[in-house]
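# Summary of the model geometry
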Amino acid sequence: MTRRLDGQVALVTGAARGQGRSHALRLAREGADIIAVDICDQIGTTPYAMSTKEDLAETARLVEELDRRIVPHVADVRDFAALEAAVNDGVAQLGRLDIVLANAGVVSLAMVNDLSAQQWDDMIGVNLTGVFHTMKVGAAHLVAGGRGGSIIATSSIVAVRPVAAASHYIAAKAGVIGLVKALALELAEHRIRVNSIHPTNCDTDMIQNPALRKAFLPDSPNPTREESEPVYQSLNALPLPWIEPRDISDAIAFLVSEEGRYITGIQLPVDAGFQLK
């Protein structure tokens, strides 16, 4: 593999597992050193087990196996001061920042009449305010570095083709689109590109858990992965139930590389044709 990112440093939030770990490893294979941030704790309204410190340590081990440096930090993206301190320390240790991946996110499902104020606050806090915090902290270092750079936010395909029972999630992910477009304009003079990526369902713990399967298969007492496949597949035009984290990582590696140097302000779907249905 061509090491397209030699000498660069990437910040990845939600890096302990799932998409975040995949992105960190892909960029490390391309030559980047990594600042890895994750909450490593549970949010009460999130209906599945979230990441742990052991998960973050495993991400760090895997990056180091690739002979790249990594600075891991436990921080909640909703806490601006904690996130800023983590990123500042990472930049101090690694010497620069070139790439920002605002990837941390959570999901829960509820019809609006059943949606609690706490569910709304947690969703907007992580999936929109947390993205803003990450972009703000990262942009400050990119501007100060004077070398340009790339910022990518993880949105969702349902931000452009909504589904039921996820108004809080869709509102947050749609808000990311507006934020990306606005910052793409603001930061263009600094040669900083800002884009969002929009996955369909991805094969991670975020969807592979009893609570999410139950939402799609309410009549099944304990729906399995195999039972859920036809339901998820029905959402995509291509005949597959979900994509893999590496599919999103591959798209990100392109956007942050020299090959994507003139792409900014876009919403890139990696959706198996979800929005065509």
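As annotated in an unreviewed UniProt entry, the protein chain carries the name Mycofactocin-coupled SDR family oxidoreductase and is attributed to Nocardioides humi. Comment text from UniProt for the protein chain, heading Sequence similarities (unreviewed entry), reads "Belongs to the short-chain dehydrogenases/reductases (SDR) family."

### Observations regarding the environment of H190
Counting through the fold element by element, H190 comes out in the loop between α5 (167-187) and β6 (192-199). Considering only alpha carbons, one finds H190 and A28, 162 residues apart in sequence, at a separation of 25 Å. Residues in contact with H190, not counting those within four places in the same chain, are V143 and G148.

### A closer look at the packing of helix α3 (residues 80-94) against helix α4 (residues 117-145)
The interhelical angle for the contact between α3 and α4, taken along N-to-C directions, is 35°, at an axis separation of 10 Å. Remark: the crossing between α3 and α4 carries right-handed chirality. Residues F80, L83, E84, V87, N88 and V91 of α3 pack against H133, T134, K136, V137 and H141 of α4.

### Considering the sheet that holds strand β3 (residues 70-74)
In spatial order, the strands read β3-β2-β1-β4-β5-β6-β7; together these 7 strands make up an open sheet with parallel pairing. Of all strands in the sheet, those bounded by a partner on one side alone are β3 and β7 (267-270). Geometrically, the sheet is characterised by an average inter-axis angle of 15° between neighbouring strands, direction not taken into account. When strand β5 (residues 149-154) meets β6, the two strands line up parallel, connected through 6 bridges. Its bridge partner being in β6, S150 is matched across the sheet by R193. Running at roughly 175° to β3, helix α2 (residues 53-65) makes contact with β2 (33-38) and β3 of the sheet. Across the sheet, α3 touches β1 (9-13), β2 and β3, and the angle it forms with β2 is around 165°.

### Topic: the pattern of salt bridges
Scanning the entire structure with this criterion turns up 16 salt bridges. With its nearest N and O atoms 2.9 Å apart, the salt bridge here joins D33 to R69. Placement of D33 in strand β2 and of R69 in the loop between α2 and β3 is noted, with a sequence separation of 36 residues between them. Given a relative accessible area of 4%, D33 falls into the buried group. Classification of R69 by relative accessible area gives partly exposed; the value is 45%. Where D98 meets R147, a salt bridge forms, and the shortest distance between an N and an O atom there is 3.6 Å. With D98 in the loop between α3 and β4 (99-102) and R147 in the loop between α4 and β5, this residue pair connects regions lying 49 residues apart in the sequence.

Reading the values: rules and limits
Residues numbered from 1 in each chain as written. Predicted model: local features only at pLDDT ≥ 70, side-chain atom pairs only at ≥ 80, totals over all residues. Heavy atoms only, no water. UniProt positions renumbered as here; feature names shortened; annotations may be inferred. Helix = DSSP H or I, 4+ residues; strand = E, 2+ residues; numbered from the N terminus. Contact = heavy atoms within 4.5 Å. Axes fitted to C-alpha atoms, helices over the stretch in contact; angles between N-to-C directions. Left-handed = near helix turned anticlockwise from the far one by under 90°. Pairing = 2+ DSSP bridges. Salt bridge = Lys/Arg side-chain N within 4 Å of Asp/Glu carboxyl O. Buried < 20%, exposed > 50% of the residue type's maximum accessible area, 1.4 Å probe, protein only.

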